[in-house]
Amino acid sequence: MLILIIIPNLSTQRKHAQGIHSNAMVSVVQSQLDAYVSEFPKQDKITFADLQQEGYLSKRQVKEAQDNGIKIKASKVVK
(Lines give C-alpha, C1' and ligand atoms only; values in the text may rest on other atoms or scores of the structure.)
Protein backbone atom coordinates (compact mmCIF):
# COMPACT_ATOMS: atom_id res chain seq x y z
CA MET A 1 0.00 0.00 0.00
CA LEU A 2 1.32 3.44 -0.97
CA ILE A 3 0.55 6.33 1.35
CA LEU A 4 0.90 9.77 -0.15
CA ILE A 5 1.28 12.65 2.23
CA ILE A 6 0.78 16.11 0.86
CA ILE A 7 2.77 18.79 2.63
CA PRO A 8 1.76 22.36 1.88
CA ASN A 9 4.38 24.59 0.43
CA LEU A 10 5.36 26.32 3.66
CA SER A 11 7.84 28.59 1.95
CA THR A 12 5.12 30.06 -0.25
CA GLN A 13 2.79 30.48 2.72
CA ARG A 14 5.52 32.21 4.72
CA LYS A 15 6.30 34.62 1.87
CA HIS A 16 2.60 35.40 1.52
CA ALA A 17 2.29 36.13 5.25
CA GLN A 18 5.40 38.33 5.17
CA GLY A 19 3.94 40.25 2.22
CA ILE A 20 0.71 40.87 4.10
CA HIS A 21 2.64 42.03 7.17
CA SER A 22 4.82 44.31 5.07
CA ASN A 23 1.78 45.90 3.39
CA ALA A 24 0.17 46.40 6.78
CA MET A 25 3.35 48.07 8.03
CA VAL A 26 3.29 50.46 5.05
CA SER A 27 -0.30 51.40 5.98
CA VAL A 28 0.60 51.98 9.63
CA VAL A 29 3.59 54.17 8.79
CA GLN A 30 1.60 56.15 6.19
CA SER A 31 -1.24 56.81 8.67
CA GLN A 32 1.18 57.95 11.33
CA LEU A 33 3.05 60.07 8.80
CA ASP A 34 -0.23 61.72 7.74
CA ALA A 35 -1.07 62.46 11.39
CA TYR A 36 2.42 63.90 11.91
CA VAL A 37 2.08 66.12 8.82
CA SER A 38 -1.26 67.38 10.15
CA GLU A 39 0.41 68.43 13.38
CA PHE A 40 3.63 69.77 11.81
CA PRO A 41 2.60 70.98 8.34
CA LYS A 42 5.63 73.25 7.81
CA GLN A 43 8.25 70.54 8.27
CA ASP A 44 9.74 69.64 4.91
CA LYS A 45 11.73 66.44 5.36
CA ILE A 46 10.24 63.95 7.78
CA THR A 47 12.24 60.98 9.03
CA PHE A 48 11.53 57.87 11.06
CA ALA A 49 13.45 59.56 13.88
CA ASP A 50 10.95 62.45 13.81
CA LEU A 51 7.99 60.06 13.98
CA GLN A 52 9.58 58.13 16.84
CA GLN A 53 10.62 61.25 18.76
CA GLU A 54 7.09 62.65 18.68
CA GLY A 55 5.52 59.31 19.66
CA TYR A 56 3.92 58.48 16.32
CA LEU A 57 5.92 55.25 15.96
CA SER A 58 7.64 53.08 18.54
CA LYS A 59 11.27 52.08 18.27
CA ARG A 60 10.12 48.56 17.34
CA GLN A 61 7.84 49.86 14.57
CA VAL A 62 10.68 51.95 13.12
CA LYS A 63 12.99 48.92 13.14
CA GLU A 64 10.35 46.71 11.48
CA ALA A 65 9.65 49.34 8.83
CA GLN A 66 13.34 49.75 8.06
CA ASP A 67 13.89 45.98 8.05
CA ASN A 68 11.07 45.71 5.48
CA GLY A 69 12.71 48.29 3.22
CA ILE A 70 10.09 50.95 3.90
CA LYS A 71 11.22 54.52 3.33
CA ILE A 72 9.73 58.01 3.61
CA LYS A 73 10.07 60.18 0.50
CA ALA A 74 8.35 63.53 0.13
CA SER A 75 5.74 62.78 2.84
CA LYS A 76 4.90 59.43 1.22
CA VAL A 77 5.75 55.97 2.41
CA VAL A 78 7.38 53.79 -0.25
CA LYS A 79 8.64 50.25 -0.33
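Presented here is a report on the structure given in the accompanying data block. What you see is a predicted model, and the numbers here were worked out from it, not measured in a lab.

Some details on the packing of aromatic side chains
Item 1. By the definition in use, this model includes two aromatic pairs.
Item 2. Aromatic side chains Tyr36 and Phe40 sit 4.7 Å apart centroid to centroid with 40° between the ring planes, which places their arrangement in the tilted category.
Item 3. Classification of Tyr36 as buried rests on a relative accessible area of 3%.
Item 4. Judged by relative accessible area, Phe40 falls into the partly exposed class, the value being 25%.
Item 5. Between the aromatic rings of Tyr36 and Tyr56, the centroid separation amounts to 5.4 Å while the plane-to-plane angle is 80°, which identifies the pairing as edge-to-face. With Tyr36 in helix H1 (residues 10–39) and Tyr56 in the loop between helix H2 (48–53) and helix H3 (59–67), this residue pair connects regions lying 20 residues apart in the sequence.
Item 6. Take Tyr56: its relative accessible area is 13%, and that puts it in the buried class.
Item 7. These aromatic residues form a ring-pair network of at least three members: Tyr36, Phe40 and Tyr56.

Describing the packing of H1 against H3
Item 1. Direction vectors running N to C along H1 and H3 enclose 125°, while the axes themselves pass 10 Å from each other. Classified by the interaxial angle, the pair formed by H1 and H3 is oblique. Relative to H3, H1 is oriented so that their crossing is left-handed. For the pair H1 and H3, contact is made by His21, Met25, Val28 and Val29 and by Gln61, Glu64 and Ala65, respectively.

So, how was this worked out
Residues numbered from 1 in each chain as written. Predicted model: local features only at pLDDT ≥ 70, side-chain atom pairs only at ≥ 80, totals over all residues. Heavy atoms only, no water. Phe/Tyr/Trp six-rings, centres within 6.5 Å; stacked < 30°, edge-to-face > 60°. Buried < 20%, exposed > 50% of the residue type's maximum accessible area, 1.4 Å probe, protein only. Helix = DSSP H or I, 4+ residues; strand = E, 2+ residues; numbered from the N terminus. Axes fitted to C-alpha atoms, helices over the stretch in contact; angles between N-to-C directions. Parallel < 35°, antiparallel > 145°, perpendicular 65-115°, else oblique. Left-handed = near helix turned anticlockwise from the far one by under 90°. Contact = heavy atoms within 4.5 Å.

So, to be careful, I would describe these as geometric facts and stop short of saying anything about function.
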